[in-house]
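# Overview (structure and organization)
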Amino acid sequence: RHAGGCLRLDHFTGGGRRLLMSQPVPPACQLRASSESADRAVAYARQQRIEIGRPLSFDEQYPGATALENFAAALLAEILNGLRLRAKKQRLELDRVEGVVKVWLHNPLTVLDVVGEEGDPSVQTVSVKIFASTLEPEDAIQTLLREVLARSPLCLTLAKAATLETSLQVTL
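To keep things clear, this report deals only with the structure shown in the data block. (Residues numbered from 1 in each chain as written. Predicted model: local features only at pLDDT ≥ 70, side-chain atom pairs only at ≥ 80, totals over all residues. Heavy atoms only, no water.)

## Digging into the overall build of the protein chain
- Regarding its fold elements, the protein chain presents three helices and eight strands.
- Counting helices and strands in the order they occur from the N terminus, the protein chain gives β-β-β-β-β-α-β-β-α-α-β.
- Considering only contacts in the protein chain between residues 6 or more positions apart, those separated by 24 or more positions represent 50%. (Helix = DSSP H or I, 4+ residues; strand = E, 2+ residues; numbered from the N terminus. Contact = heavy atoms within 4.5 Å.)

In structure tokens:
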């Protein structure tokens, strides 16, 4: 056991790679999912139903939200909602908060098994731009954003695996 009540089991795999498995007690998040086609999986978290499409699609007309788009949306929602919650707690008023997230992969063509493509499709860089409309001082909103990022499970995890760029634009 270590801090947080997690059980850790170390396993070693070929090539000297170390696989660390842990099971938090209790888990912070738990869901179940099923898939009956290559285009759609349905996940259930608590009483909520979440539809998730293909891992990635290059087709602008694809009817669903891909797994990568759901990941990006969750990351952005975590930041935006975190700003709202933290602002309310500190009695700071935010009139409007929105954002744009862009995700770059190391080699997205490897998802499609394109012949001759090498590497992997892991996330390389995520850029998040936040727009906040408020009468509060900009430095107060910048501090809020830093606090949110420092307590964001998705942001903290992503920053360990990829480049995470964030910016904030405050307007009246």
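## Points about the pattern of salt bridges
- Under the criterion given, the structure shown has five salt bridges.
- Across the pair Arg40 and Glu51 runs a salt bridge, and its minimum N-O distance is 3.7 Å. Of this pair, Arg40 sits in strand β4 (residues 40-45) while Glu51 sits in strand β5 (residues 48-52), placing them eleven residues apart in sequence.
- Among the residues examined, Arg40 registers a relative accessible area of 28% and is labelled partly exposed.
- Where Arg96 meets Glu98, a salt bridge forms, and the shortest distance between an N and an O atom there is 2.7 Å.
- Judged by its relative accessible area of 35%, Glu98 is partly exposed.
- Each of Arg40, Arg49 and Glu51 takes part in one network of salt bridges that share partners. (Salt bridge = Lys/Arg side-chain N within 4 Å of Asp/Glu carboxyl O. Buried < 20%, exposed > 50% of the residue type's maximum accessible area, 1.4 Å probe, protein only.)

## Some words on the layout of surface pockets
- As a volume, the largest pocket reaches approximately 540 Å³.
- Around the largest pocket, the lining comprises 14 residues; the ones closest to its centre are Cys29, Gln30, Leu31, Ala45 and Ile50.
- The set of elements that each furnish at least two residues to the lining of the largest pocket consists of β4, β5, α1 (67-89) and α3 (153-161).
- Among the elements that take part in the lining of the largest pocket, β5 stands out by supplying three residues, more than any other.
- Of the residues assigned to the lining of the largest pocket, the class counts are nine nonpolar, three polar and two charged.
- Here the second largest pocket defines a volume of roughly 290 Å³.
- Around the second largest pocket, the lining comprises 13 residues; the ones closest to its centre are Leu56, Ser57, Phe58, Thr66 and Glu69.
- Looking at the lining of the second largest pocket, the elements with two or more residues in it are α1 and β6 (96-105).
- Among the residues forming the lining of the second largest pocket, the class breakdown is seven nonpolar, three polar and three charged. (1 Å grid on protein atoms, 1.4 Å probe; cavity = no way out; pocket = protein on both sides within 12 Å on 5 of 7 lines; lining within 4 Å. Points joined across faces, edges and corners; volume = space filled by probe spheres on them. Nonpolar A, V, L, I, M, F, W, Y, C, P; charged D, E, K, R; others polar.)

## Focus: the environment of Leu80
- Position of Leu80 among the secondary structure elements: in helix α1.
- What makes Leu80 buried here is its relative accessible area of 15%.
- Sequence-wise, Leu80 and Ile130 are 50 residues apart; in three dimensions their C-alpha atoms are separated by 7.9 Å.
- Apart from residues lying up to four places away in sequence, Leu80 is in contact with Val97, Glu98, Gly99 and Ile130.

## Quick word on the sheet that holds β5
- In space, the three strands of this open sheet follow the order β3-β4-β5, with antiparallel pairing throughout. Each end of this open sheet is capped by a strand with a single partner; those strands are β3 (32-37) and β5. Taken pair by pair, the neighbouring strands of this sheet meet at an average axis angle of 20°, ignoring direction.
- As defined by bridge partners, β3 adjoins β4 across five bridges and the pair is classed as antiparallel. Within the sheet, the bridge partner assigned to Arg32 lies in β4 and is Tyr44. (Pairing = 2+ DSSP bridges. Axes fitted to C-alpha atoms, helices over the stretch in contact; angles between N-to-C directions.)

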